[in-house]
There are 2 protein chains.
Amino acid sequence: MSTDLFQAIHSPIGANAGFALGLAGLGGGFCLQSDRIPGQDIFIGYKEENTLYMLPFYEKSISSEKDTFAKDENGSSLQEHAFTEAEVSRSFGLATDTFQAGRLSFSLMNRVTELSDVERGEEPDVKAKILPAIVARFCVDNRDGRQDIQGFFGVGNMKGKQFLSQIYGEDRCGVISKDGYGFGAVAEGAAELQEIADFDMFHVFERKQPVRLMLASMGGILFRVPAGGRAEIDLALGWYLGGTVTQGLHSCHYLYTEYYEDLPHVLAAALADRESLFKEAEENEHYLEGTGLSSVRKKLLCQSVKSYYISSMLMKEGEKIRWIVNEGTFLMMNTFDLLIDHLFFECRYHPWTVRNALDFFVESYSYKDQCGISFTHDMGSHYVFTPEGHSSYEIPHLTDCFSYMTQEQLCNWILAAAVYAHRTGDTAWLLSRKETLTECLHSMKNRDGQIPDGIMDVDSSRCDGGSEITTYDSLDVSLGQARRNSYIAGKCFASYLALGSMFEKLSMEKYREMADSAADICEENMLAYYDSEKKRFPALFDGEGTMAIVPIIEGIIYPVFSGRPEAVSEDGKYGRLIRALKEHIQTVLVPGICLFEDGGFKLSETSDNSWISKIFLCQYIIEKVLHMNMPEIMDRADAAHWSWWTEGCVSDPGIDQIFAGKQTERGFHYPRCVTSILWTEE
Amino acid sequence: MSTDLFQAIHSPIGANAGFALGLAGLGGGFCLQSDRIPGQDIFIGYKEENTLYMLPFYEKSISSEKDTFAKDENGSSLQEHAFTEAEVSRSFGLATDTFQAGRLSFSLMNRVTELSDVERGEEPDVKAKILPAIVARFCVDNRDGRQDIQGFFGVGNMKGKQFLSQIYGEDRCGVISKDGYGFGAVAEGAAELQEIADFDMFHVFERKQPVRLMLASMGGILFRVPAGGRAEIDLALGWYLGGTVTQGLHSCHYLYTEYYEDLPHVLAAALADRESLFKEAEENEHYLEGTGLSSVRKKLLCQSVKSYYISSMLMKEGEKIRWIVNEGTFLMMNTFDLLIDHLFFECRYHPWTVRNALDFFVESYSYKDQCGISFTHDMGSHYVFTPEGHSSYEIPHLTDCFSYMTQEQLCNWILAAAVYAHRTGDTAWLLSRKETLTECLHSMKNRDGQIPDGIMDVDSSRCDGGSEITTYDSLDVSLGQARRNSYIAGKCFASYLALGSMFEKLSMEKYREMADSAADICEENMLAYYDSEKKRFPALFDGEGTMAIVPIIEGIIYPVFSGRPEAVSEDGKYGRLIRALKEHIQTVLVPGICLFEDGGFKLSETSDNSWISKIFLCQYIIEKVLHMNMPEIMDRADAAHWSWWTEGCVSDPGIDQIFAGKQTERGFHYPRCVTSILWTEE
């Protein structure tokens, strides 16, 4: 059963950090360079009479009937009341997440804001925008109460604690951990705000007086809400990791460490700036309202965006700015086949980060095989940059997962460059990458094989007898194999068009012609495989792989975002292809082919492995590029995808790969599904 | 059933690091600032024909019959053979641990060496002695083999890997992790030594060629042993954690970081120095042989010593040297009631570290209550130093675990100071601590209460209504309560004698007299509680707690180690007390009182919670201070204690607190049981 109490992560920008909250019966808490969502018990609640009323965000809160409680300080037997799902109302926004239950409301914010070109020094508010902290507002309403109650916020498994009051004096309140995270608090309307350390919130109230038992695992705050009063506690949740945090080929530190001295300063800055942070969050909610998206799409979008920033790292290497997005739980850095999907979100909020990563790929993570240039799958993993020209993922001799993605990453560089250049008008950058662009064109054509039909035929020599794969590495051959794959063909078609538009901007007419004519040939040969009787394309253009896939349409989004929308118009030069793709989608987007029984998208007819990020992308293409109007199919699909996230994968924020609506892992997080931002494009 | 395949940790000195190996069916591996033993799969073995022969130090090795294996590169079906316990012979030494099975032998060394006064610059070989690495020798004997075989060493769950060959060129071989540990290797007699990265050792041999899949979790090495040949691979296992690693009141870095640049340099130094490291280990084994201890006591001693150094941290704070011993799994720093037990071991190998810690206590972790000076339980936990005069453990209002240990820590400072001063003859230091010593005497006497009977009566005002406890914090009142406890009385008696001997050295006659006469009064009143009919002391000198405890004898060890052995002689001044204690032990050291059914020591008649470190201490006192000859009881006890460690607690190296031979936790480690070094005292 779907639930409103699913896990979500709330993050600042570029700190590889977040705070997870929302999953009933389990904790969440502070993530910092974490591959998984942590399991810290989060105690948010109040004690009224002899009962602790709490949001159910700690382990065992759902079924717990603790009968072993001691008495409280008045000799009453303590009772626990974890609010049930029915008692909690959640308001899940783009930059906020608010829980209300009983007398309390708790609202977390996360950052979603434009970040102008930091690399070129064009962002005036860089210090404020990269603050590695978020804020939260915790209200306890005792206005109709007849006696004082006590509010509390506590975080379990918080090792190596220090209290802000002990470092900075009694006007500061908060707890920090040796592991680089912590929280600070300011109170209005509450009395006796105090720091505590104990084993859990139950122990706190079993004692005569609250204690600071530093060895105990929970750090927290307590406050009194007078009868007839209402307390508003503003919290800053922050992170700080100083020094060099990456190893291998590149030694980087977090940019924020150049602006903030340490975690207590970060927390102080966040509390000082809290009103503007709340305002930013509010504006984001207004924006979301204005999009006119369905309520389900709004939720899908919000969860995607929240799951992206936790993986972002805004770094410095010497004087160079480095933007890195970790591959969620897998911690590969700047995975290129994710970058191409993050592209649309990044071009909305900080397009320069795309350029930054593209430059980084050229500088350190390009290589040449027998066909010419391409780019690595990633730049390393687990904070270790791999040696030049090598990824942490690709190895030889394989025909599936962990083989090379040479063709696809080549397309990805071309497509991302074109979208960036069009979005920003940064032709100067294109000019500086002229050589790379011509190398890319040659490399594309060499991979086409001896008979130039625009369809990739040549596996990279790096495979050493193996075969290239695609980003769909864990799918069957319908999407896993790169050679003569219709999905790759679509991306090659788009890559030639993208090269054409870039060469045009650079007035490199000869190259433009080469690129455009390659696109023509590619289109023609894609169409040659169209089965006009069955009204569908096969997955593989090899005469054998006849199963249907949805992502054959992926490629056609790029002309729209790189200034050639007419190329993918039904009435344009490539109208035949567009019409065939429309027909294909009409044919395959039916239950039993490319829809699951619940109406969710099945990217490949022959695999139960379906990817949310790519589904969102394809939904946009169907609706806004192919201009197909299928509200019933889409509404049903949206509902299914939301239920995958909140039923099959309730503990995995932003999880992408899902098998028929389910996932067995717990605590995964993944940044890729921000393709949902496309739904808000005009 | 007891096993030879129990967990053990092998460590350098002062790096808070170790390598765990020896537990069948589970891994172990690299510990660095770890509260628990990690669970890295360790693959040590060779492939002969189509079978992988391996030591069983990886998960599920005991029962695994992997029938899902793919073919190897020759098309043969791979087989797994994890050596069974019967097939493995283990030689468990003081500084070595050697496993032999099939064609392989694998021998790990750990450091046990004297470390002269680093604080005063008296250790000429400090760089070599604090090298944060150990070495291992891995032999594969194919002399009677008819075909080449492949040897391998691999470590699972090794995140963020780099290869030494990629950083330093092809003459280096090894793998390091972003988490600050790794290994290097040099080979003799082997061919094609190469680095690998893969998911596990099975994957390695399923591939056409070995790969370096950086994303995969296992890092390792492979080598070929030619038919008729024998390969000897020397491994360095090292750790490195740069920068400031403690927070709170004191910011410290590891001293070794001033001598070694990074982990690759550490590994290179270890390999360069390996012959002398193996020689040191060999000399330690000769020493062990020469002790004449029973084989069981040898094993108990070896396991104790191995479990100590992993908790040691040799640090610098600015220009100051800091010696810190973490409390094993609990990570409290310089827990004082452990220091007093580590004392004998430290005075053997590096007495100056005792002085270093005592000074540190005076400087930052002493405090004054209504009675005068005492010292905190610890200096903080989880690498965070607590504020001045406060520990991470003690809180008010309690009568058991986490209450204050004011009286006992006061005794501990006095006793450790006396033993240090006697061991080193460092009267200059005593002189510098003259003021502290007089404060200690006053504080001792004030805690005695209004009627001075030498028995502690006054709980610290810090308890704020609660009661002081003893180091036996988790025991029942027989040992848990400090006030009028016979164990504390014994330590107070010893503390007065220790003060007396120190004041004598300082020619402070008036104070010597005060101290000695307090010892006289204490002895007299202890004797007053002796039940000469039942021939035993009660645990509590309050007329109520009549149960028997063994540790009432603990105190009398200190005169022996602080230059007053005659004070605890049966014929000496306090002969009556000594004779009563002998009779007490004779009475209570029987099954049903202070022996478990299996013959193991039961420290308190009324609790199943017994502590190995204290048992070893008491065994020494019984045999060498009380001169009681009870070989049958001792042999049976030794066998029981060894079976507690290798049956009830097989995965917890050096674990101290054990409940009737068992412990439910897994992966604990604990430094305290080095009291076993006393058995080797003349």
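Structural data are supplied above this passage.
Below, the structure is looked at part by part. (Residues numbered from 1 in each chain as written. Chains lettered and ligands numbered in written order. Predicted model: local features only at pLDDT ≥ 70, side-chain atom pairs only at ≥ 80, totals over all residues. Heavy atoms only, no water.)

1. Overview of the interface of chain B and chain A
Phase 1: Taken together, the contact pairs 34 residues of chain B with 34 residues of chain A.
Phase 2: Of the roughly 2,800 Å² buried between chain B and chain A on both sides combined, carbon and sulfur atoms contribute 67%.
Phase 3: Inspection of the chain B/chain A interface yields two salt bridges.
Phase 4: Residues A:Lys159 and B:Asp35 are paired through a salt bridge, measuring 3.6 Å at the closest nitrogen-oxygen approach.
Phase 5: Where chain B touches chain A, the interface holds eight residue pairs in polar contact (both at pLDDT 80 or more).
Phase 6: Among the elements of the structure, β12 (161–163) and β18 (247–248) of chain B are those that each provide at least two residues to the side of chain B that touches chain A.
Phase 7: Here the residues of the side of chain B that touches chain A are counted per class, giving 14 nonpolar, 13 polar and seven charged. (Contact = heavy atoms within 4.5 Å. Buried area = accessible area lost by both parts, 1.4 Å probe. Salt bridge = Lys/Arg side-chain N within 4 Å of Asp/Glu carboxyl O. Polar contact = N/O pair within 3.5 Å; in protein donor to acceptor, adjacent residues only side chain to side chain. Helix = DSSP H or I, 4+ residues; strand = E, 2+ residues; numbered from the N terminus. Nonpolar A, V, L, I, M, F, W, Y, C, P; charged D, E, K, R; others polar.)

2. Observations concerning the environment of A:Leu338
All names here are of chain A.
Phase 1: Tracing the backbone through its elements, the reader meets Leu338 in helix α7 (residues 336–349).
Phase 2: Note on Leu338: relative accessible area 1%, which makes it buried.
Phase 3: Counting along the chain gives 43 residues from Leu338 to Ser381, while the straight-line C-alpha distance between them is 14 Å.
Phase 4: Once you skip the residues sitting within four places of it in the chain, Leu338 turns out to touch Glu327, Tyr670, Pro671 and Arg672. (Buried < 20%, exposed > 50% of the residue type's maximum accessible area, 1.4 Å probe, protein only.)

3. Points about the relation of the copies chain B and chain A
Phase 1: Between chain B and chain A, which share one sequence, the superposing operator has a rotation angle of 180 degrees and an axial displacement of 0.0 Å; the RMSD is 0.0 Å. Read as a symmetry element, the transformation amounts to a two-fold axis. Of every C-alpha in chain B, the one belonging to B:Gly243 sits nearest the axis of rotation, 4.3 Å from it.
Phase 2: Both copies share a contact surface, since 97% of the interface residues of chain B are interface residues in chain A too. (Least-squares fit on C-alpha atoms with pLDDT ≥ 70 in both.)

4. Here's the deal with the packing of aromatic side chains
In this description, an aromatic ring pair is defined by two values, namely the gap between the centres and the angle between the planes.
Phase 1: One pass over the full model with this rule turns up 100 aromatic pairs over all chains.
Phase 2: Ring geometry for A:Tyr46 against A:Phe83: centres 6.5 Å apart, planes inclined by 45 degrees, an arrangement best described as tilted. Of this pair, A:Tyr46 sits in strand β4 (residues 42–48) while A:Phe83 sits in the loop between β6 (79–82) and β7 (89–92), placing them 37 residues apart in sequence.
Phase 3: Look at A:Phe83 and you get buried, because its relative accessible area is 5%.
Phase 4: Ring centres of B:Phe6 and B:Phe92 lie 4.9 Å apart, and the angle between their planes is 85 degrees; on these two criteria the pair is classed as edge-to-face. Of the two residues, B:Phe6 is situated in the segment before β1 (8–10) and B:Phe92 in strand β7 (residues 89–92); the sequence distance between them amounts to 86 residues. This pair shows no difference in class: B:Phe6 is buried, exactly as B:Phe92 is.
Phase 5: For A:Arg172, the ring lying beneath its charged end belongs to A:Tyr168, and the centroid distance is 5.1 Å. (Phe/Tyr/Trp six-rings, centres within 6.5 Å; stacked < 30°, edge-to-face > 60°. Lys NZ or Arg CZ within 6 Å of the ring centre and 35° of its normal.)

5. Examining the pairing of strand β11 (residues 149–155) of chain A
Residue and element names in this part refer to chain A.
Phase 1: Burial of β11 is extensive: six of the seven residues sit out of reach of the surface.
Phase 2: As judged from the six bridges shared by β4 and β11, these two strands associate in the antiparallel manner. Among the inter-strand pairings, Lys47 is bridged to a residue of β11, identified as Gln150. (Pairing = 2+ DSSP bridges.)

6. A short note on the sheet that holds β1(B)
Residue and element names in this part refer to chain B.
Phase 1: Strands sit in the order β1-β2-β3 across an open sheet of three strands; the sheet is antiparallel. Every interior strand has two partners, whereas the edge strands, β1 and β3 (29–32), have only one. Mean inter-strand twist for the sheet, computed between neighbouring axes without regard to direction, equals 35 degrees.
Phase 2: The pairing of β1 with strand β2 (residues 17–21) spans three bridges and is classified as antiparallel. Bridging from a neighbouring strand, Ile9 pairs with Ala20 of β2. (Axes fitted to C-alpha atoms, helices over the stretch in contact; angles between N-to-C directions.)

7. Observations concerning the packing of helix α6 (residues 295–309) of chain A against α7(A)
Residues and elements named next belong to chain A.
Phase 1: The interhelical angle for the contact between α6 and α7, taken along N-to-C directions, is 85 degrees, at an axis separation of 12 Å. Considering the angle they form, α6 stands roughly perpendicular to α7. Only His342, Phe345, Glu346 and Tyr349 of α7 make contact with α6, whose side of the interface consists of Val305, Tyr308 and Tyr309.
Phase 2: Residue composition of the contact of α6 with α7, grouped by class: five nonpolar, one polar and one charged. (Parallel < 35°, antiparallel > 145°, perpendicular 65-115°, else oblique.)

8. Focus on the sheet that holds strand β5 (residues 51–54) of chain A
All names here are of chain A.
Phase 1: Judged by pairing direction, the sheet is mixed, and its six strands sit side by side in the order β6-β5-β4-β11-β16-β15 without closing on themselves. One side of each edge strand has no neighbouring strand; the edge strands of this open sheet are β6 and β15 (191–198). Sheet twist, expressed as the mean angle between neighbouring strand axes with direction ignored, is 20 degrees.

9. Some words on the side chain of B:Glu394
Residue and element names in this part refer to chain B.
Phase 1: Its place among the elements puts Glu394 in the loop between β25 (384–385) and α9 (406–424).
Phase 2: Of the side chains with opposite charge, Arg462 comes closest to the buried, unpaired Glu394, at an N-O distance of 5.7 Å.
Phase 3: A distance of 3.0 Å separates the side chain of Glu394 from the backbone nitrogen of His377, its partner in a polar contact.
Phase 4: There is a polar contact of 3.2 Å between the side chain of Glu394 and the backbone nitrogen of Met405.
Phase 5: Discounting chain neighbours no more than four positions away, the residues touching Glu394 are Tyr367, Thr376, His377, Phe402, Ser403, Tyr404 and Met405. (Lys, Arg positive; Asp, Glu negative; His and termini not counted.)

10. Quick notes on unusual backbone geometry
All names here are of chain B.
Phase 1: Although it is not a glycine, Glu49 sits at a positive phi angle of roughly 50 degrees.
Phase 2: Along the chain, Glu49 falls in the loop between β4 (42–48) and β5 (51–54).
Phase 3: Among the residues examined, Glu49 registers a relative accessible area of 55% and is labelled exposed.
Phase 4: Of note, Lys535 is a non-glycine position whose phi angle comes to about 55 degrees, a positive value.
Phase 5: Tracing the sequence through the fold places Lys535 in the loop between α14 (509–528) and α15 (557–561).
Phase 6: By relative accessible area, Lys535 is classed as partly exposed at 38%.

11. Details of helix α13 (residues 486–505) of chain A
All names here are of chain A.
Phase 1: Taking 1.5 Å per residue as the helical rise, α13 with its 20 residues ought to reach 28 Å, and the 29 Å between its terminal C-alpha atoms agrees with that figure.
Phase 2: Burial runs high along α13: 18 of the 20 residues are buried.
Phase 3: Capping of α13 at its N-terminal end is provided by Asn485; its side-chain oxygen lies 2.7 Å from the backbone amide nitrogen of Tyr487.
Phase 4: Remark: Ser507 follows α13 within two positions and exhibits a positive phi of approximately 55 degrees. (Expected span 1.5 Å × (residues − 1).)

12. Considering the state of the cysteines
Phase 1: Enumeration according to the criterion identifies zero disulfides over all chains in this entry.
Phase 2: Here A:Cys411 is not cross-linked by a disulfide; its sulfur's nearest cysteine counterpart is in A:Cys492, at 3.9 Å.
Phase 3: B:Cys371 supplies the cysteine sulfur nearest to B:Cys463, a cysteine that is in no disulfide, at a spacing of 10 Å. (Disulfide = S-S within 2.5 Å.)

13. Digging into the side chain of A:Ser613
Phase 1: As for its position among the elements, A:Ser613 is in helix α17 (residues 612–625).
Phase 2: Discounting chain neighbours no more than four positions away, the residues touching A:Ser613 are A:Asp656, A:Arg672, A:Cys673 and A:Thr675.

14. What about the pattern of salt bridges?
Residue and element names in this part refer to chain A.
Phase 1: Scanning the entire structure with this criterion turns up 104 salt bridges over all chains.
Phase 2: Asp341 serves as the salt-bridge partner of Arg672, at 2.8 Å between the closest nitrogen and oxygen. Of this pair, Arg672 sits in the segment after β27 (657–659) while Asp341 sits in helix α7, and the two are 331 residues apart along the sequence.
Phase 3: The class for Asp341 is buried, based on a relative accessible area of 0%.

15. Regarding the environment of A:Val325
All names here are of chain A.
Phase 1: Checked against the element boundaries, Val325 lands in strand β21 (residues 320–325).
Phase 2: Taking the C-alpha atoms as reference points, Val325 and Asp148, separated by 177 residues in sequence, lie 47 Å from one another.
Phase 3: Residue contacts for Val325: discarding those within four places in its chain leaves Tyr308, Ser311, Ser312, Met332, Met333, Asn334, Thr335, His342, Glu346 and Pro671.

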